[in-house]
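# Commentary on secondary and tertiary structure
Next come the chains, spelled out residue by residue.
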Amino acid sequence: MTPIVIIPARLAARRLPGKPLADIGGLPMIVRVLRQAMRAGVGEVAVAAGDAEIVQAVRDAGGRAVLTEPGLASGSDRVLAALGELDPDGRCDVVVNLQGDMPFVEPAVLTACLGVLAAEADCDIATAIAPEASPADRADPAVVKAVVSLAPGDPRGRALYFTRSVLYGAGPVWKHVGVYAFRRQALERFCLAPPSPLERREQLEQLRALELGLSIWAAVVDETPISVDTPADLEAARAFARGRP
C-alpha cells in the first residue's frame, strides 16, 4: 500500500469556532495533530484547510497544507478535494482521514487502521475502536458506539453499525475513534454519494458507507484519544499538555 494522511480542518466549528488554531501548550492544535501523524511514519502527511489562516499556521510549522473550498459539506469531502492536488496521478491507493481535533492521537492508531487494510482484502474502510471509559458512556449520545463482529481477544472485526443510542445486554461497549483509512476508490464512491437516511438520522457519516455496501473493519486500540469539541475539552487538552514531559 501507498498511504497518504490528510487532516481536514476549518475555523467555523459550531461549538468551538477557530479551534484548529487554539493554543495547546504553545502550539496550534492543528500543528500538534500534524506532528502526531508524522510520527507514525506511514507516508506523506498534509492538512486540507478550509481557511488561509490554517494553511499559514501549518506552513509556519514546516508542514504541508492545501487550501480547499470553505463550504465543503464534510471533512471527507475536504480530504478528497485536497487529494486531487496532493496526488493527482493516483499514486496513493490508501487515504487516511485524521480529524484535526485530536492533538494527542497516538501514531499507533494510524498504523492499526492501516494494518486492517493490509490484512483484510475485503475491507474498504478501516477505523478504530476503544473500550468504554465508564458505564456513563453507554447513555451519552455524544459517545458514538460501534457494533462490531468481534470475538474475545481479536484485534479487529467487521463493523455492523454505529449509533449514538444506548446499547443493552452483556458484553463490552466499543467507542468509535474517528480515524478512517479509505481505499482510494472507496473514498471517491463515498464522497460522490448523497447523505443516506441512516446518516441523517444518527448524524454519523460512516453509516452512509454501510448503506452503500462498503465494508468497514475496526481495529481495537487501547483508549480513545482526547478530542476537542467544546471549551471544556480545550481546557482538558491544555491541562494534559501541561502534564506531559
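Before reading on, note that the structure itself is shown above.
A short tour of the structure in this document, coming up.

### Remarks on the overall build of the protein chain
A count of helical and extended segments in the protein chain gives eight helices and eleven strands. The C-alpha radius of gyration of the protein chain comes to 17 Å, within 12% of the 18 Å expected for a compact globule of 245 residues. When the backbone C-alpha atoms are referred to their principal axes, the protein chain occupies close to 50 × 45 × 35 Å. Within the protein chain, buried positions represent 50% of all 245 residues. When contacts within the protein chain are restricted to residue pairs at least 6 apart in sequence, long-range pairs at least 24 apart make up 69% of them. Summed over its atoms, the accessible surface of the protein chain is roughly 11,200 Å², and 52% of this surface lies on carbon and sulfur atoms. Computing the positive centroid from 26 side-chain charges and the negative centroid from 30, the protein chain places the two 2 Å apart.

### A look at the packing of helix 3 (residues 75-86) against helix 5 (residues 184-192)
Closest axis-to-axis distance for the helix 3/helix 5 pair is 10 Å, and the angle between their directions is 125°. The orientation of helix 3 relative to helix 5 falls into the category oblique. As for how helix 3 packs across helix 5, the hand of that crossing is left-handed. When helix 3 is examined against helix 5, the residues Ser-76, Asp-77, Val-79, Leu-80 and Leu-83 are found in contact with a partner set consisting of Arg-184, Leu-187, Glu-188, Phe-190 and Cys-191.

### Let's talk about the pairing of strand 1 (residues 3-9)
With respect to burial, strand 1 is a largely interior element, seven of its seven residues being buried. As paired elements, strand 1 and strand 6 (residues 94-98) share four bridges and run parallel to each other. Looking at strand 6, one finds that Val-5 is bridged to Val-96. In this structure, strand 1 lies alongside strand 4 (residues 44-49), joined through six bridges in parallel fashion. The partner of Val-5 across the bridge, within strand 4, is Val-45.

Criteria and thresholds
What you see as residue numbers is a count from 1 along each chain, following the sequence as written. Reporting of local features is limited, given that this is a predicted model, to residues whose pLDDT is at least 70; pairs of side-chain atoms are given and counted only at 80 or more, and all residues count toward the totals for whole chains, interfaces and linings. Note: side-chain values were computed over all heavy atoms of the structure, leaving out hydrogens and water. By the criteria applied, helices consist of DSSP H or I runs no shorter than four residues and strands consist of E runs no shorter than two, each listed in order from the N terminus. The quantity called the radius of gyration is restricted to C-alpha atoms. Its globule counterpart is 2.2 Å times the number of residues to the power 0.38. Throughout, exposure labels follow a simple rule: accessible area from a 1.4 Å probe, protein chains only, divided by the maximum for the residue type, with under 20% read as buried, over 50% as exposed, and the rest as partly exposed. The contact definition used throughout considers only heavy atoms, calling two residues in contact when any of these lie within 4.5 Å. With residues, only the protein chains shown are counted as cover, and all accessible areas are computed by Shrake-Rupley using a 1.4 Å probe. His is not counted, nor are the chain ends, whereas Lys and Arg count as positive and Asp and Glu as negative. Charge coordinates come from a single atom per side chain, which is NZ of Lys, CZ of Arg, CG of Asp or CD of Glu. Think of each axis as a best-fit line through the C-alpha atoms, taken over the contacting stretch in the case of a helix, with angles from 0 to 180 degrees between the N-to-C directions. Should an angle fall under 35 degrees it is taken as roughly parallel, and over 145 as roughly antiparallel, whereas 65 to 115 is taken as roughly perpendicular and any remaining angle as oblique. Here is the rule for handedness: rotate from the far helix to the near one, and if that takes an anticlockwise turn smaller than a right angle the crossing is left-handed, while a clockwise turn gives right-handed. Strand pairing requires that DSSP identify at least two bridges connecting the strands.

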